[in-house]
Each structure stands twice: as C-alpha cells, then as structure tokens.
Amino acid sequence: MIYVVATLTVKPETRAELIAGATKCIAETRKEAGCITYDMHESVTDPAKFVFVEQWQSAEALVPHGASDHMRAWRKIVKECMSAPAKIEVITPAKVDVR
C-alpha cells in the first residue's frame, strides 16, 4: 500500500476553477482499479492551499492512473491555476511496533 500526498498552492482568482476540475478528476480516479481513497482537503489558514491525499493498493496502480485521460485534463487545469510548484510525496506506512 502506498499514499500520495500532493500540496498545491493556487492563484486566488483560479480557486473555483481548480475545485471544479478537481471534482471531476476525483470522481473518475475513485473508479480506478487500485484506488482506495482519493480526497481533496483545504487549508483552514490559507484559502489558496489544497492538499490531496491518495491511498493506492500498490505503486503499480499509479501507472495507468498517471496516463489516464482525466489526469491529462487535470494537469492542464493545475498548470493554469498554480502559483507555486506542487509538492508531491509518495509515502508508505512506517513499520513500527506499538505494543
């Protein structure tokens, strides 16, 4: 299992456009094989900051996701809306003993 955490900072005037595009992309991504969760979160202190948290069954499941039509469309929207480079991190659950 892996997670993808993407933080986007957008131009204030493009906020509504980003949300509309994200809504479509999220709906399609949630239908993909291997997608466990795909959610968008908003900062409570910065209305221009959004954090996407994705959970996937495997890294292999990301390959078709990245090549999908809805992701190509989403990347175009993001490119127009961003005011700073995106920060994208792929993470895995830590193996810790919490006895």
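Presented here is an overview of the structure given in this document. In this text, all values refer to a predicted model and were calculated from it rather than measured experimentally.

**Regarding the side chain of Glu32**
By secondary structure assignment, the location of Glu32 is in the loop between α1 (15-29) and β2 (35-42). The side chain of Glu32 sits in the buried core without any salt bridge; Arg75 is the nearest counter-charge, 9.4 Å away. Ignoring any residue separated from it by four or fewer positions in sequence, one finds Glu32 in contact with Trp56, Pro64, His65, Ser68 and His70.

**Description of the sheet that holds strand β1 (residues 2-9)**
Read across the open sheet, the four strands follow the order β2-β3-β1-β4; overall the sheet is antiparallel. At either margin of the open sheet sits one strand with a lone partner, and together these are β2 and β4 (87-91). Neighbour-to-neighbour, the strand axes of this sheet turn through a mean angle of 10 degrees, independent of strand direction. One ladder, built from seven bridges, connects β2 with strand β3 (residues 49-56); its direction is antiparallel. Bridge pairing links Cys35 to Trp56 in β3. This element, α1, spans β1, β2 and β3 of the sheet and lies at about 170 degrees to β2.

How each quantity is defined
Residues numbered from 1 in each chain as written. Predicted model: local features only at pLDDT ≥ 70, side-chain atom pairs only at ≥ 80, totals over all residues. Heavy atoms only, no water. Helix = DSSP H or I, 4+ residues; strand = E, 2+ residues; numbered from the N terminus. Buried < 20%, exposed > 50% of the residue type's maximum accessible area, 1.4 Å probe, protein only. Lys, Arg positive; Asp, Glu negative; His and termini not counted. Salt bridge = Lys/Arg side-chain N within 4 Å of Asp/Glu carboxyl O. Contact = heavy atoms within 4.5 Å. Pairing = 2+ DSSP bridges. Axes fitted to C-alpha atoms, helices over the stretch in contact; angles between N-to-C directions.

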